[in-house]
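Coordinate inspection notes
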Amino acid sequence: MPIPMRLKELIRLIRSCKTAAEERAAVNKECALIRTTFKEEDNEFRCRNVAKLLYIHMLGYPAHFGQLECLKLIASNRFMDKRIGYLGAMLLLDERQDVHILITNSLKNDMNNSTQFIVGLALCTLGSICSPEMSRDLANEVEKLLKSANAYIKKKAALCATRMVHKVPELSEIFIPVTRSLLNEKNHGVLLTAVALITEICIVKPDTMPHFRRWTPQLIRLLKNLIMAGYAPDHDVSGISDPFLQIRILNLLRILGKEDQECSEAMNDILAQVATNTESSHNAGNAVLYQTVQCIMDIKAESGLRVLAVNIMGRFLLNSDKNIRYVALKTLQKTINIDSTAVQRHRNTIIDCLKDHDISIRKRAMELSFALINGSNVKSMIKELLDFLNRADHEFKAFVTLGIFQAAVKYAPDKKWQLDTILQMLKGGGSYVNDEVVASSIHAISEARDLYAYITQQLYSTLFADISKQPLAQVAIWSIGEYGDLFVAGAIEEGSHKINEDEVLDLLQSVLNDSITSFITRAFTINALMKLSTRFPKSASRIKEIVARYANSVDLEVQQRSVEYLALFKNYDSLRPGLLERMPCINRGDKAEATVTADATSSDAIPIATVSTGGGQASDLLDLLGDSLPPTQPLQPQNNNTATSDILSGNNPSVGGNALLDLLTSSEDSLMQPISTNPAPPKIAPLNVYDKHGLRIDFNFEKASNDANNVVQMILNATNSTSFPFTDFVFQAAVPRSFQLQILAPSGAVIPANNSGSITQVLKVSNPNKQNIRMRIKISFNVNGNTIQDQGEINNFPAECN
Amino acid sequence: MIRFILLVNKDGQSRLSRYYYNIVGEDRQNLERDVISKCLLRSKKECSFLEYQNMMLIYRRYMSLFFIVGVGGDENELSILEFIQNLVETFDRYFNDVITMNVEKAYMILDEMVLNGHILETSKNRVLAPIYATEKN
C-alpha cells in the first residue's frame, strides 16, 4: 500500500485539473484509495486521509464514509488526531444522523481533560452540532466549565451554551445564575460571548427579561468604559475600542428596552453619549452608530433622542460610501412608522437614490418612497415613481404598480389625476401588473362618472398603439365595452379624427386575432363585443358574426361564452338590451383590493369559478342573485387569480372571512364543507407547527368522538407577519404508511402581509391503529421576488389527536 | 447569527466553506452556486450587501479572493464588514499570503473566531495564540 499523499499534494493535483471530468476522476481515485486505507484500519495515516476527505467534501463530493473514521480519531490520544477528528465531526455530521450520538461520551471525557486546548476542541464541536438530547446530557458539564478560571475555556463554553439554550430553552435555567459573574470579567472574549449568551436566553425565553433588565446599569457601565477607555491595543479597530463588543451590548440593550419604559429611560444618557462621541470617519465607528440608531428606534426613547437618531441617518444618506447609504435607507424604513415627519425631510435624497446604479439601494429607496407618500406630496412622488417604473427592473415592476395604484386610490386630489395615473401605471407596468390591480383599476374607472368618455378615449389610443400587454388590454377593452357609445359620440380630444363604431370593432377584432392575446383577454373582448351589440345597434350583425367564430375555441371559457351569447342573439334577443345594460358602480367589500363582488346579472368580464361539486348547487347560487343565465362551468385555474378564486369558491372551505360569502345568506353553508358535525367533540388545543421567515402555520384540530377510522381533521391556518405578501404558497405533507392523509384544496395561494389575512386548508389524517401521528411537511412560497422553500417534521401532535 | 462563510476565487471556485446550520448535498451546491454567481457579478460601484432569500449576503473582495458571509436575522451589516476585515488580517498574519493557505489550518483559525455562528474572539493575538501553541507540540 503506497503512502497516502498529503493534503497539499491533493489540492495541487485537483487544482491542476483542467476540466470538471478530470477533477471528478482524480477525486474518485483518491476516494477509492482512502476507502481502502480506512478498511485496513491504518492508524498512522488516518489523520491525513480524513483531512483530505474534508477537503473533498468541501468541493461538494460525498464523504459520508468518513464519519466513523472521525469517531476513531476523536477517541485517539494524539492531539492532532483529535483535532482533525472533531473538525470532521463538525463538517460531516449533523444532528440528523445517528452517528453523532456516539461522540457524546468522547465529548464528556474531553471536557474534563486537563489540557485546555482539548477542552476547547470538545466545546467547539459540541457548540456546533449538538442536538437537543446531547444538550440535555451535557448542559451541566458546560455550566461547570463556565465557572472555570480559564478565560479561553469560559468563552467557548458560553457560546456552546447559546446553542444548547436555542435547542432546549428550558436549559436556560441552568445557565442564568452563572451569567452574572461572567459580566464582571475583564477579558473581552468572555464579555463578548457572555452578552451573546444572555441575548440568546432573552430571545428563546422572553420571560427571563425582567430578570436581566436589573443588570442594565452594569451593561451601561461596561459600554461607558469602552467608550471612555484610552487606546486598548488588543481590540482596537480604527480608534474605536472593541466595536464588536460595543455593538453586542447595544443589541442586548435594544432587546431589553424594547417593551419597557423604565429600562429605556435608564439608557437614554449612554445612548446619547455613544451617538455623539463616536467617530464616524471609519466603518467601525459607523457600525457602532448604526447599532445605536437601531437601539434608539426600537426602545421607548424620548423624542430628543429619536431626532438625534434620524439626523445620524440623514448624514449617512449623504455619505459617499454606498454601504452606509444602504444601511441608512434600511433603517429609515423602520423609522417611518414611528416618526414620519423626520424622514420626510430627507425625501429628496431618497428620491435621488431611486436613480442609483446599485440595485440594492434602488430597492430600499423604492420601498421607502412608497412609505413616504402622503396627501401633500402625492403628485410629485407619483411623478418620480412613474418615472422609476418605466426604468425599473422586472422584479420590481409588480410591486411598484401595486404601490402606485394604492397611493393613487388613497391620496388622489381629483378623479382625473387618479385615472391619468392609473393609465400611466398600466402603460409603464406592461405585463407585470397584478390581476388584483387590473380589477381594482376597473373599479376606479367605474366610479368616475363624468370621465367615462375621457378615460375610454385615452385607453383606446393606448390600446391602439400596443395590444400586447394583457393588463392594459383588459382594462381598455372593459372600458370600451362598457362606455363605447359615450366615447364614439363624445367630444374629440387633441385634434385626432373622430373614431367611429367600425374602427372600435376593428380594434377589438385585432385583439382577438392576435396570437399573443391570452384567453382571459379574449373573454374580456367577447364580453365587450356583446355589450357593444346593444350600444352600437347598427353593428349587431357584425358582432354576432365575430362572436360566432369563437364557438369552437380551444379555451373552455371562451367557447362557453361564445355559444351562450349566440344563443342570446338567436333565442333571447329581446332580453339582450336589459342584460347588457351599463353596469352600476361596482360595490367593493371592505377588505383590500383583492375581492370584487360577482354581480352575475352583468356580463362581468372577470371569470367566475364555480363549485365543482355539482352544477345544481351553482345554479342555486346564481338563482339567489336573480340571474337567468345558465350556470358557467368551472374554469381552468389561473395562477394569479386570487381575486376570482375567492369568489364562489365554495369548494374551498374558507374558515377565514370571504367578502363574497359574507354577502350570501347562511343558507349557503351547504356549499361549504361542514367543519364539525359532531355534537361536543373532544377539545384539542391548537398547535403551532411552523414559525419562520414571518410565516406562521397553526393547526386546529377536530375529531369525531365515534369514528371507526379514527380520523382527525386538522385545519391549517397560515399567516404572514412580514410587510410583503406571500404568493404561490404551496403546502405539502406526508405521513408514515400506517396513516392515511387527505389534503383538501387550500383557500388560496396568497397570504397578505402584516397578518391581514390567512390561507386555510383542511387535512384529514386517518389513524386506524391509534399510533402517534407524525408528519413531514414541505412549504414553498414566493416573497418579494424570492422563492423560499422549507421542510420540517411535526412530532408533537397533542395526545388527544391519536 | 452568521449562517455561512465562503471564500471563493475570482473564477468562482470555493477555497474555504463553513456552514453554521444544517444544509446538505444538493441544497448546499445550489446555494453556493447561486450565491457565488450573484456576488461575483456585482460591480465595484455597487454596495457590499445583497438580499438573498431570507438572508443578507455581505461580501468583500481582497485581491483575487472573495469573502462572502451570509447572515440571518438582525445582524449589523457594517459590523460583519469589520469582521471580514478582521478575518482577512488574521489569515494574512498567519499565512503571510492568503492565496495559498492550508485549508486545515484555515478551518482551525476560523474555529477560534466563530462558534455556532456567533463571533467568539476578535483579537488577532488571542486567536492565533492557541494555534501557535499547539503547533509546537
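Whatever comes next refers back to the structure up there.
This text gives an overview of the structure that appears in the document.

Rules behind the numbers
- Residues numbered from 1 in each chain as written.
- Chains lettered and ligands numbered in written order.
- Predicted model: local features only at pLDDT ≥ 70, side-chain atom pairs only at ≥ 80, totals over all residues.
- Heavy atoms only, no water.
- 1 Å grid on protein atoms, 1.4 Å probe; cavity = no way out; pocket = protein on both sides within 12 Å on 5 of 7 lines; lining within 4 Å.
- Points joined across faces, edges and corners; volume = space filled by probe spheres on them.
- Helix = DSSP H or I, 4+ residues; strand = E, 2+ residues; numbered from the N terminus.
- Nonpolar A, V, L, I, M, F, W, Y, C, P; charged D, E, K, R; others polar.
- Buried < 20%, exposed > 50% of the residue type's maximum accessible area, 1.4 Å probe, protein only.
- Pairing = 2+ DSSP bridges.
- Salt bridge = Lys/Arg side-chain N within 4 Å of Asp/Glu carboxyl O.

**Examining empty space enclosed by the protein**
One pass over the structure, following the stated rule, counts eight cavities of 30 Å³ or more. Approximately 170 Å³ is the volume found for the largest cavity. The wall of the largest cavity is formed by 17 residues, among which Arg 83 and Leu 121 of chain A together with Met 108, Asp 111 and Glu 112 of chain B lie closest to the centre. Listed by contribution, the elements that provide at least two residues to the lining of the largest cavity are helix 5 (79-92), helix 7 (116-129) and helix 9 (151-167) of chain A together with helix 3 (103-113) and helix 4 (124-136) of chain B. Tallying contributions element by element places helix 5 of chain A first for the lining of the largest cavity, with five residues. Classifying every residue of the lining of the largest cavity by side-chain character gives eleven nonpolar, two polar and four charged.

**Some points on the pairing of strand 2 (residues 14-19) of chain B**
Residue and element names in this part refer to chain B. Burial analysis of strand 2 places six of its six residues in the buried class, the great majority of the element. In the sheet, strand 1 (residues 2-9) pairs with strand 2 via five bridges, with the strands oriented antiparallel. Among the inter-strand pairings, Leu 7 is bridged to a residue of strand 2, identified as Leu 16. With antiparallel pairing between neighbouring strands as the criterion, strand 1 and strand 2 make up a hairpin whose turn holds four residues, including Gly 12 at a positive phi of roughly 90°.

**Some words on the pattern of salt bridges**
The final tally for this structure, using the stated rule, is 42 salt bridges over all chains. The partner of Arg 391 of chain A in a salt bridge is Asp 387 of chain A, and the shortest N-O contact between them spans 3.7 Å. Residue Arg 391 of chain A and its partner Asp 387 of chain A are both found in helix 22 (residues 378-391); the two are separated by four residues, about one turn of the helix. Of the residues examined, Asp 387 of chain A reaches a relative accessible area of 36% and is grouped as partly exposed. Of the charged contacts, one joins Arg 28 of chain B and Glu 32 of chain B as a salt bridge, the two residues approaching to 3.5 Å between their closest N and O atoms. Remark: Glu 32 of chain B and Arg 28 of chain B occur in helix 1 (residues 25-40); sequence separation between them is four residues, near one turn of the helix. Both residues of the pair, Arg 28 of chain B and Glu 32 of chain B, belong to the buried class. Three or more residues are tied together by salt bridges with common partners; here these are Lys 363, Arg 364 and Glu 367 of chain A together with Glu 51 of chain B.

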